[in-house]
Amino acid sequence: MEANEELYKRAEEAVDARLSGRRLEHVHSVAETAPELARIYGADEVEARFAGLLHDWDKLLTDEELPARMDELGIERPPQMELLLPVLHSFTGAKAVEREFPELPPSVISAIWHHTLGGTEMSDLDMVLFIADIIEPRRKVKKRPEIEELREEVGKVDLGQLYFDTYAATMHSLIARRRFIHPEAFEIWNTLVERYHPLSDADRARQGDANNVL
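The shown structure was predicted, so the numbers you read here are calculated from the model rather than taken from an experiment. (Residues numbered from 1 in each chain as written. Predicted model: local features only at pLDDT ≥ 70, side-chain atom pairs only at ≥ 80, totals over all residues. Heavy atoms only, no water.)

Some points on the overall build of the protein
Applicable threshold: Under the scheme used here, helices are H or I runs from DSSP no shorter than 4 residues and strands are E runs no shorter than 2 residues, and both carry numbers assigned from the N terminus. All radius of gyration figures rest on C-alpha atoms, and the globule criterion is 2.2 Å times the number of residues raised to 0.38. The rule is simple: take the accessible area with a 1.4 Å probe, protein chains only, and divide by the maximum for that residue type; under 20% is buried, over 50% is exposed, in between is partly exposed.
Counting its secondary structure elements, the protein contains 11 helices and zero strands. Reading the secondary structure of the protein in the N-to-C direction produces α-α-α-α-α-α-α-α-α-α-α. Here the C-alpha atoms of the protein give a radius of gyration of 18 Å, agreeing with the 17 Å that 2.2 N^0.38 yields for 214 residues. Overall size of the protein, expressed as C-alpha extent along the three principal axes, is 60 × 40 × 35 Å. Across the 214 residues that make up the protein, the buried fraction comes to 45%.

Put into structure tokens, the structure is as follows:
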């Protein structure tokens, strides 16, 4: 899409009125980081800026409000929804942004939809937003030193590899914090491992031996 400052200003005003505090600071930081990544990796910088600004549109909703929001937007409630509440804002937010700003292309809506759970078939813009959400400068590295490692990878590895490493860091963080993981995330993870870090024959043999022991 071509640069549309009038649309961006309208979106920015809506976000500023909707969010506040650290959440608002975060989305503005992602809106700056995403186009930087897009420039490095050849994705659309304008679309990345919009996706970064709007990605947490529904983050203000409480756990009690999210189910009704899904119903309102025609999104099917997943099994064990009460354990998946932290990721649902990406789905409701994408649908709500699509309704609020019909001028935006489907690529921006897709990036918002995928920014929490990810996927196996991600567009460049999808991956750019997923990564920017994690590595934006306001993210603290004290408890998550892997974020600084991801920042150092930018421009040194290809976009798919950076997405895989970011997904790995996210899975590690969830496990370390004893958080419930969306069942689909395991399927995504296994597919990404096969794609970006496949086992050698020797590794497969060792894994087989370990499984026999277990």
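Topic: helix H3 (residues 45-54)
Formally: By definition, residues are in contact when any of their heavy atoms lie within 4.5 Å. Within 3.5 Å is the distance limit for a polar contact, defined as a pair of N or O atoms, with the added protein rule that one can donate a hydrogen and the other accept it, and that residues adjacent in sequence qualify only through two side-chain atoms.
Counting buried residues along H3, seven of its 10 residues qualify, which places the element largely inside the surrounding structure. For H3, the full list of buried residues reads Glu 47, Ala 48, Phe 50, Ala 51, Gly 52, Leu 53 and Leu 54. Lining the buried residues of H3 we find helix H1 (5-18), helix H2 (21-41), helix H5 (85-100), helix H6 (106-114) and helix H7 (124-135). The N-capping residue of H3, defined by a side-chain oxygen 2.9 Å from the backbone nitrogen of Val 46, is Asp 44.

Quick look at the packing of aromatic side chains
Applied cut-off: Two rings belonging to Phe, Tyr or Trp (six-membered ring only in the last case) form a pair when the distance between their centres is within 6.5 Å. Interplanar angles under 30 degrees mark stacking, angles over 60 mark edge-to-face geometry, and anything in between is tilted. Definition used: whenever NZ (Lys) or CZ (Arg) falls within 6 Å of the ring centre and also within 35 degrees of the ring normal, the charge is taken to sit over that ring.
Scanning the entire structure with this criterion turns up eight aromatic pairs. Ring geometry for Phe 130 against Tyr 167: centres 5.6 Å apart, planes inclined by 10°, an arrangement best described as stacked. You can see Phe 130 sitting in helix H7 and its partner Tyr 167 sitting in helix H9 (residues 159-176), a full 37 residues away along the chain. There is no split in this pair, since Phe 130 and Tyr 167 are both buried. An aromatic cluster is built from Phe 130, Tyr 163 and Tyr 167, whose rings are joined through pairwise contacts. Lying across the ring of Tyr 8, Arg 49 places its NZ or CZ 3.6 Å from the centre.

Quick look at H6
Note: α-helices contain 3.6 residues per turn, so residues at a spacing of three or four share the same orientation. Note the threshold: Arc definition: it is the arc formed by the directions from the helix axis to the C-beta atoms.
For H6, the full list of buried residues reads Val 108, Ile 109, Ala 111 and Ile 112. Buried residues in H6, looked at end-on, bunch into an arc of 160°, giving them a common side. Close packing links the buried residues of H6 with H3, H5 and H7.

Regarding the packing of H6 against H7
Formally: Helix axes are fitted to C-alpha atoms over the stretch in contact, other axes to C-alpha atoms as well, and angles between N-to-C directions run from 0 to 180 degrees. For classification, angles of less than 35 degrees are called roughly parallel, those exceeding 145 degrees roughly antiparallel, those between 65 and 115 degrees roughly perpendicular, and all remaining angles oblique. Each crossing gets its handedness from the near helix: less than a right angle anticlockwise from the far helix is left-handed, clockwise is right-handed. The residue classification treats Ala, Val, Leu, Ile, Met, Phe, Trp, Tyr, Cys and Pro as nonpolar and Asp, Glu, Lys and Arg as charged. All others, Gly included, are polar.
The interhelical angle for the contact between H6 and H7, taken along N-to-C directions, is 40°, at an axis separation of 8 Å. Relative to H7, H6 is oriented oblique. Judged by the twist between their axes, the crossing of H6 over H7 is right-handed. Contact with H6, carried on its side by Ser 107, Val 108, Ser 110, Ala 111, Ile 112 and His 114, involves Leu 125, Asp 126, Leu 129 and Phe 130 of H7 and no other residues of that element. Here the contact of H6 with H7 is built from residues that sort into six nonpolar, three polar and one charged.

Remarks on the pattern of salt bridges
Our working rule: Here, a salt bridge means any side-chain nitrogen of Lys or Arg that lies within 4 Å of a carboxyl oxygen of Asp or Glu.
A full pass over the atoms with the stated rule returns 12 salt bridges. For Asp 58, the salt bridge identified is with Arg 69, shortest N-O distance 2.9 Å. Here Asp 58, found in the loop between H3 and helix H4 (66-72), pairs with Arg 69, found in helix H4; they are 11 residues apart in sequence, far enough to count as distant. For the pair Asp 58 and Arg 69, a shared accessibility class is recorded, and that class is buried. A single salt-bridge network, built from bridges that share partners, covers Arg 18, Asp 58, Arg 69, Glu 72 and Arg 99.

Remember, this is a structural readout, not a statement about activity or role.
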